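# Chain and residue survey
Listed here are the chains, written in short residue letters.
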Amino acid sequence: MDILSDVEDSIPPFRAVFSPHDNPNLHTDWELKDQALKHAAAGTFLDLSNPPPVKLQGWTAACSPESPSVLTSLPYDLPAPPQTTKTFIHAHKPAMDPCLHPRLLLLAGQYLSHDKGPVPHRFM
């Protein structure tokens, strides 16, 4: 692939993920990501031979322990309750965050097809 050869010296290193699917496919544990970010900020390395214990809570393993999705018990075996109020979305990205909006885990096909969700990947 020589498509970037003219500008490759001007581009910082990055991970490019190409997939025929239109959804994320690397479910990551929040604690592992948090540790990796702290080590990166400190300029140190994360010991990958000793990752945090595996979380079996599905999708919410990717959420902060203080997030609404972790603190809310979701009825995965029942349909999502109807929305009773209308809201205005002024920040689109946070509105799509299932950690902030547990209801999304019961409504969006990305999450529904896996029940509570898969076990997170142990490596980033």
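Here we summarise the structure given alongside this text. For every chain, the first residue of the written sequence is number 1, and numbering continues from 1 onward in sequence order. Only residues with pLDDT of 70 or above have their local features reported here, since the model is predicted, and side-chain atom pairs are shown and tallied only from 80 upward, although totals for entire chains, interfaces and linings are computed over all residues. Only hydrogens and water are set aside when side-chain values are computed; all heavy atoms of the structure are taken into account.

### Concerning the environment of Leu112
Secondary structure elements follow DSSP: runs of H or I of four or more residues count as helices, runs of E of two or more count as strands, with numbering from the N terminus. Locating Leu112 in the fold gives a position in helix α5 (residues 109–112). Each C-alpha atom of the pair Leu112 and Thr84 lies 21 Å from the other, and the pair is 28 residues apart in sequence. Every residue pair with non-hydrogen atoms within 4.5 Å of one another is taken to be in contact. Apart from residues lying up to four places away in sequence, Leu112 is in contact with Leu105, Leu106 and Leu107.

### Here we look at the packing of aromatic side chains
Two rings from Phe, Tyr or Trp (for Trp, the six-membered ring) form a pair when their centres are within 6.5 Å of each other. A pair whose planes differ by under 30 degrees is stacked, one over 60 is edge-to-face, and the rest are tilted. In the structure shown here, the tally under the stated rule is one aromatic pair. With a centroid separation of 5.1 Å and an interplanar angle of 85°, the aromatic rings of Trp59 and Tyr111 are classed as edge-to-face. Here Tyr111 lies in helix α5 and Trp59 lies in the loop between α1 (30–42) and α2 (68–71), a separation of 52 residues in the sequence. Partly exposed residues are those whose accessible area sits between 20% and 50% of the maximum for their type, while under 20% is buried and over 50% is exposed, using a 1.4 Å probe and protein chains only. With a relative accessible area of 10%, Trp59 lands in the buried category.

### A look at the state of the cysteines
Simply put, the disulfide is a covalent bond whose two ends are the sulfur atoms of two cysteines. Any pair of cysteine sulfurs within 2.5 Å is marked as a disulfide. Taken as a whole and judged by the stated rule, the model has one disulfide. With a sulfur-sulfur separation of 2.0 Å, Cys63 is cross-linked through a disulfide to Cys99. Between Cys63 and Cys99 the disulfide shows an S-S torsion of about -85°. By sign, it is left-handed. With Cys63 in the loop between α1 and α2 and Cys99 in the loop between α3 (92–95) and α4 (104–107), this pair connects stretches of sequence that are 36 residues apart.

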